[in-house]
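Topology and contacts: notes
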Amino acid sequence: MSTKTVHKGLTGVVVDTTGISMVNPETNSLTYRGYPVQDLAAHCRFEEVAHLLWHGELPTPAQLAEQNAVERAHRELPADLVSTLLHLPATAHPMDTLRTAVSILGANDPHEDENSPEANHAKALRLFGALPSIVALTQRRRRGLLPLPPRLDLGFAENFLAMTFGAVPEPEVVRAFEISLVLYAEHSFNASTFTSRVVTSTLSDLYSAITAAIGALKGPLHGGANEAVMAAFEEIGTADRAQEWVARALAAKRTIMGFGHRVYKNGDSRVPTMRAALRTVAELRDGQRLLDLYESLAGAVFAAKGLHPNLDYPAGPAYHLMGFDTPVFTPIFVAARITGWTAHITEQLAANSLIRPSSLYTGSAQREFIA
Ligand code: SDX
């Protein structure tokens, strides 16, 4: 009889230390480098939060200007990357396009296999600048539109939206979008971040770690939930149908996307901030029907199962009202989480140990081989 204990899904297992963010389920709080995420969302540009995650401190004006200059220089995608992306099937899922794009950027980087903190920070900034351009290209292509050049006079969020939709939207919409980026930026040892740390622990390269993380984020139990939320909204249609829909879904043992969380059992600390951002966008973009459905579904799920929404629940409808197609929601999450992933890759390398757990064998007993 084995004395090994199995920790299915690694629930509750503490695998390493981190100084990047802290989730406290008891107080429903989340801090990035010590700062409450709600305060960062209310007061900071996304670029400042990126600096905080990477360097441990908010930037001085000079540090921010230097970081912005490098990020902006990477917004223009290499011509061969654009041409390869335009040869992928237009029906490819945007997460597959993004995963492929990061892989191509890695193959074209002569410093791909350099793992010094400086080399990896340069790669992080390269991806930080390029990802919005890739997401915007993918969104435009879905609508038969050609990619637009980046706007170097604009900040990260404004440029992202301008490259996608051809103009900078209302300031309130830009703010709501930026808030979503800040909230999505980092969340300790979630599945995709852990994936990036596992790949990094083998001393592989940053692009490989990020392609793997994108693969992990795509799944609907993780980042893909923001797309699945929209699919549920479309299936339900109107607020008055939510209760009956929930009863049928639970009777059929369906998972209701956008609800529940491995760590937060009493509500996701990011939801109130994103819900307020969703309300702002809904008021500007004729979103009352969606807002009613949002409240009605949340109430029905809580009443039936005691489950709270997670960040993907308000983010999905907010991105819809901003004008994004549903399959582009998780790629936006990638463009934000690249900051957290790359901060974790640097942290992993600073005190690396190969991540290689054990298992409890339950297969056939040893038997004689007969040729
Ligand atoms: C993200 O880790 C992170 O930090 C992730 C993230 C980040 O910032 O990186 O926050 C982003 O990925 C958010 C989660 C997005 N996923 C979803 O919205 C998918 C739907 N949610 C679930 O499938 C589920 O809640 C998980 C996967 C998120 C968490 O699951 P756990 O911790 O493994 O809990 P569980 O599946 O064991 O559930 C416990 C009970 C079960 O019921 P019983 O068997 O005890 O009766 O709750 C039920 C589950 O069936 N349950 C749900 C449910 N979530 C939990 N039932 C129906 N619908 C749900 N959404």
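Residues numbered from 1 in each chain as written. Predicted model: local features only at pLDDT ≥ 70, side-chain atom pairs only at ≥ 80, totals over all residues. Heavy atoms only, no water.

1. Thoughts on helix 8 (residues 171-184)
Look at helix 8: 20 Å from first C-alpha to last across 14 residues, which is about the 20 Å you get at 1.5 Å a residue. In terms of residue burial, helix 8 counts as a mostly covered element, since eleven of its 14 residues are buried. Within helix 8, burial applies to Val173, Val174, Ala176, Phe177, Glu178, Ile179, Ser180, Leu181, Val182, Leu183 and Tyr184. (Helix = DSSP H or I, 4+ residues; strand = E, 2+ residues; numbered from the N terminus. Expected span 1.5 Å × (residues − 1). Buried < 20%, exposed > 50% of the residue type's maximum accessible area, 1.4 Å probe, protein only.)

2. Things to note about helix 7 (residues 156-165)
Most of helix 7 sits out of view: nine of its ten residues are buried. Those residues of helix 7 lying buried are Phe156, Ala157, Glu158, Asn159, Phe160, Leu161, Ala162, Met163 and Thr164. Phi for glycine 166, located one or two positions after helix 7, is positive at around 90°.

3. Observations concerning the UniProt feature "active site" (unreviewed entry) in the chain
Mapped onto the present numbering, the UniProt feature "active site" (unreviewed entry) falls at His261 and Asp312. Taken together, the annotated residues stretch across 52 residues yet fold into one region, lying no more than 10.6 Å apart by C-alpha. Those annotated residues from the list above that line the largest pocket are His261 and Asp312. Aside from chain neighbours lying at most four places away, what touches histidine 261 is His187, Asp268, Arg270 and Asn310. Looking at histidine 261, its side chain comes within polar contact range of the main-chain nitrogen of tyrosine 264, at 3.3 Å. With respect to the element layout, aspartate 312 can be found in helix 15 (residues 312-322). For aspartate 312, the residues in contact, after removing those within four places along its chain, are Tyr184, His222, Gly223, Ala225, Asn226, Val229 and Phe333. A distance of 2.4 Å separates the side chain of aspartate 312 from the side chain of tyrosine 184, its partner in a polar contact. (UniProt positions renumbered as here; feature names shortened; annotations may be inferred. 1 Å grid on protein atoms, 1.4 Å probe; cavity = no way out; pocket = protein on both sides within 12 Å on 5 of 7 lines; lining within 4 Å. Contact = heavy atoms within 4.5 Å. Polar contact = N/O pair within 3.5 Å; in protein donor to acceptor, adjacent residues only side chain to side chain.)

4. Digging into the layout of surface pockets
Each pocket or cavity is described by its volume, and for the largest pocket that value is around 1,300 Å³. Along the wall of the largest pocket there are 42 residues; nearest its centre are Phe189, Asn190, His261, Arg262 and Val263. Every element with two or more residues in the lining of the largest pocket is listed here: strand 1 (21-24), helix 9 (191-201) and helix 16 (329-350). Tallying contributions element by element places strand 1 first for the lining of the largest pocket, with three residues. Class assignment for the residues of the lining of the largest pocket results in 20 nonpolar, 16 polar and six charged. (Points joined across faces, edges and corners; volume = space filled by probe spheres on them. Nonpolar A, V, L, I, M, F, W, Y, C, P; charged D, E, K, R; others polar.)

5. Here's the deal with the packing of aromatic side chains
With the rule as written, the count across this model stands at 17 aromatic pairs. Joined through ring pairs, the aromatic side chains of Phe46, Trp54, Phe128, Phe156, Phe160, Phe165, Phe177, Tyr184, Tyr319, Phe324, Phe329 and Phe333 make up one cluster. (Phe/Tyr/Trp six-rings, centres within 6.5 Å; stacked < 30°, edge-to-face > 60°.)

6. Re the site of the ligand
Residues in close proximity to the ligand total 22 residues, the closest being His187, Ile256, Phe259, His261 and Arg270. Contacts to the ligand include arginine 270, whose side-chain N or O atom sits 2.7 Å from an oxygen atom. Arginine 337 places a side-chain nitrogen or oxygen 2.8 Å from an oxygen atom of the ligand. Burial of the ligand by the surrounding chains reaches 68%, relative to a free accessible area of 1,000 Å². (Near = heavy atom within 4 Å. Areas by Shrake-Rupley, 256 points an atom, 1.4 Å probe, with all protein chains shown as cover.)

7. Considering the side chain of glutamine 67
Mapping glutamine 67 onto the fold places it in helix 3 (residues 61-73). Given the relative accessible area of 5%, glutamine 67 is considered buried. Looking at glutamine 67, its side chain comes within polar contact range of the main-chain oxygen of glutamate 47, at 3.0 Å. Among all residues touching glutamine 67, those that are not within four sequence positions of it are Glu47, Ala50, His51, Trp54, Leu125 and Phe128.

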